[in-house]
Amino acid sequence: KAGVTQTPRYLIKTRGQQVTLSCSPISGHRSVSWYQQTPGQGLQFLFEYFSETQRNKGNFPGRFSGRQFSNSRSEMNVSTLELGDSALYLCASSYYRAHEQYFGPGTRLTVT
Amino acid sequence: AQKITQTQPGMFVQEKEAVTLDCTYDTSDQSYGLFWYKQPSSGEMIFLIYQGSYDEQNATEGRYSLNFQKARKSANLVISASQLGDSAMYFCAMREPYNNNDMRFGAGTRLTVKP
């Protein structure tokens, strides 16, 4: 079974731009969560999607948004990028909401 | 409030020896799940082991075991027979299905295995 895939793996953007990251979960997994990882703040939960509905959201500004498609693939969008948005963005999927999550390799975003 | 506490920023262990990574958690829920993940320098988070709050037996997965002490709210990871490839960051995490259900992570412990 293929693992969680994330595209792109690396991104360099300029302040003020917007970015869309993509995540394909493990086949059969219906829950997708997104996390931001930075050296200073560690791993922080962004949001969780299940059955195309956002079930839970972390403490991030509205510039961070996401969605899930009927095939469980998910995208997250960050608008009006700030330097502090530079981070590793990890996507994780699980079969059901309370189960263990399996992570993708991450997208490393650099904002200049 | 910090939900997951990992008090060891860094640990060293000799190859082939066992090591215990500490984790304490804070919850008032009866139902929760505890997880350990490994993150090598490549960045990918690798699921290691899971313990449910109602599980009476400590979870084991190969060389990994979870020392679950519910009354102390402790969920320490024990790695037996350490290998050089075990050098990585290790994160303890918790999910509370009836309270937001987001996965909360500790700050992590960097384990270095010495040859």
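For the structure, check the block above.
Residues numbered from 1 in each chain as written. Chains lettered and ligands numbered in written order. Predicted model: local features only at pLDDT ≥ 70, side-chain atom pairs only at ≥ 80, totals over all residues. Heavy atoms only, no water.

1. Things to note about the overall build of chain A
The helix and strand inventory of chain A stands at 0 helices and 11 strands. Helices (α) and strands (β) of chain A occur, in sequence order from the N terminus, as β-β-β-β-β-β-β-β-β-β-β. Relative to its length of 112 residues, chain A is compact, with a C-alpha radius of gyration of 13 Å against a globular reference of 13 Å. For chain A, the spread of C-alpha atoms along the principal axes amounts to about 35 × 25 × 25 Å. Looking at the 112 residues of chain A, the share that counts as buried comes to 50%. In chain A, the proportion of contacts linking residues at least 24 apart, taken out of those at least 6 apart, comes to 54%. For chain A, the computed accessible surface area is about 5,300 Å², with 47% contributed by carbon and sulfur atoms. Across chain A, the 12 positively charged side chains and the 6 negatively charged ones have centroids separated by 3 Å. (Helix = DSSP H or I, 4+ residues; strand = E, 2+ residues; numbered from the N terminus. Rg over C-alpha atoms; globule rule 2.2 N^0.38 Å. Buried < 20%, exposed > 50% of the residue type's maximum accessible area, 1.4 Å probe, protein only. Contact = heavy atoms within 4.5 Å. Areas by Shrake-Rupley, 256 points an atom, 1.4 Å probe, with all protein chains shown as cover. Lys, Arg positive; Asp, Glu negative; His and termini not counted. Charge placed at Lys NZ, Arg CZ, Asp CG, Glu CD.)

2. Observations concerning the packing of aromatic side chains
Tallied over the full model, the rule gives 14 aromatic pairs over all chains. Ring centres of Tyr25 of chain B and Tyr32 of chain B lie 5.2 Å apart, and the angle between their planes is 50 degrees; on these two criteria the pair is classed as tilted. A relative accessible area of 6% means that Tyr32 of chain B is categorised as buried. Ring pairing ties together the aromatic residues Tyr35, Phe45, Tyr102 and Phe103 of chain A together with Tyr37, Phe47, Phe91 and Phe105 of chain B, which thus form one cluster. When the ring centre of Tyr64 of chain B is taken as reference, the NZ or CZ atom of Arg63 of chain B above it lies at 5.7 Å. (Phe/Tyr/Trp six-rings, centres within 6.5 Å; stacked < 30°, edge-to-face > 60°. Lys NZ or Arg CZ within 6 Å of the ring centre and 35° of its normal.)

3. Focus on the sheet that holds strand β3 (residues 19-24) of chain A
Strands belonging to one sheet form pairs held by backbone hydrogen bonds; the direction of such a pair is parallel or antiparallel. All names here are of chain A. Strand order in this open sheet of 4 strands is β1-β3-β8-β7, and the pairing throughout is antiparallel. A strand with exactly one partner marks an edge of an open sheet, and here the two such strands are β1 (5-7) and β7 (64-68). Within this sheet the neighbouring strands show an average axis-to-axis angle of 20 degrees, counted without direction. Where β7 and strand β8 (residues 74-78) come together, 5 bridges link them in antiparallel fashion. Its bridge partner lying in β8, Arg67 is registered against Glu75. (Pairing = 2+ DSSP bridges. Axes fitted to C-alpha atoms, helices over the stretch in contact; angles between N-to-C directions.)

4. Side note on the environment of Met94 of chain B
All names here are of chain B. Assignment of secondary structure puts Met94 in strand β10 (residues 88-95). Exposure remark for Met94: the relative accessible area of 1% places this residue in the buried category. Put simply, Met94 and Arg104 are 10 residues apart on the chain and 5.3 Å apart in space, counted from C-alpha to C-alpha. Ignoring anything within four residues of it in the chain, the contact list for Met94 reads Lys3, Ile4, Tyr25, Asp26, Thr27, Tyr32, Gly33, Leu34, Asp102, Met103 and Arg104.

5. Side note on the interface of chain A and chain B
At the interface, 21 residues of chain A touch 15 residues of chain B. Taking both partners together, chain A and chain B bury about 1,500 Å²; carbon and sulfur atoms supply 53% of that area. Area buried by chain A at its contact with chain B is led by Leu43, Glu100 and Phe103 of chain A, which between them contribute 33% of it. Linking chain A to chain B there are 1 salt bridge. A salt bridge links Arg95 of chain B to Glu48 of chain A, with the nearest nitrogen and oxygen atoms 3.8 Å apart. Across the chain A-chain B interface, the total number found is 2 residue pairs in polar contact (both at pLDDT 80 or more). Broken down by secondary-structure element, the contributors of at least two residues to the side of chain A that touches chain B are β4 (31-38), β5 (42-50), β9 (87-94) and β10 (102-103) of chain A. At 4 residues, the largest contribution of residues to the side of chain A that touches chain B is made by β4 of chain A. Residues that form the side of chain A that touches chain B fall into these classes: 10 nonpolar, 8 polar and 3 charged. (Buried area = accessible area lost by both parts, 1.4 Å probe. Salt bridge = Lys/Arg side-chain N within 4 Å of Asp/Glu carboxyl O. Polar contact = N/O pair within 3.5 Å; in protein donor to acceptor, adjacent residues only side chain to side chain. Nonpolar A, V, L, I, M, F, W, Y, C, P; charged D, E, K, R; others polar.)

6. Concerning unusual backbone geometry
The omega torsion of the bond from Thr7 of chain A to Pro8 of chain A falls at -10 degrees, within 30 degrees of zero and hence cis. Structurally, Pro8 of chain A is set in the loop between β1 and β2 (10-13).

7. Section: the state of the cysteines
Covalently bonding the sulfur atom of one cysteine to the sulfur atom of another cysteine gives a disulfide. Residue and element names in this part refer to chain A. For the structure shown, the criterion picks out 2 disulfides over all chains. Each sulfur in the disulfide pair Cys23 and Cys91 lies 1.7 Å from the other. On the sign convention where negative means left-handed, the S-S torsion of about -55 degrees between Cys23 and Cys91 marks this disulfide as left-handed. With Cys23 in strand β3 and Cys91 in strand β9, this pair connects stretches of sequence that are 68 residues apart. For the pair shown, Cys23 and Cys91 are each scored as buried. (Disulfide = S-S within 2.5 Å.)

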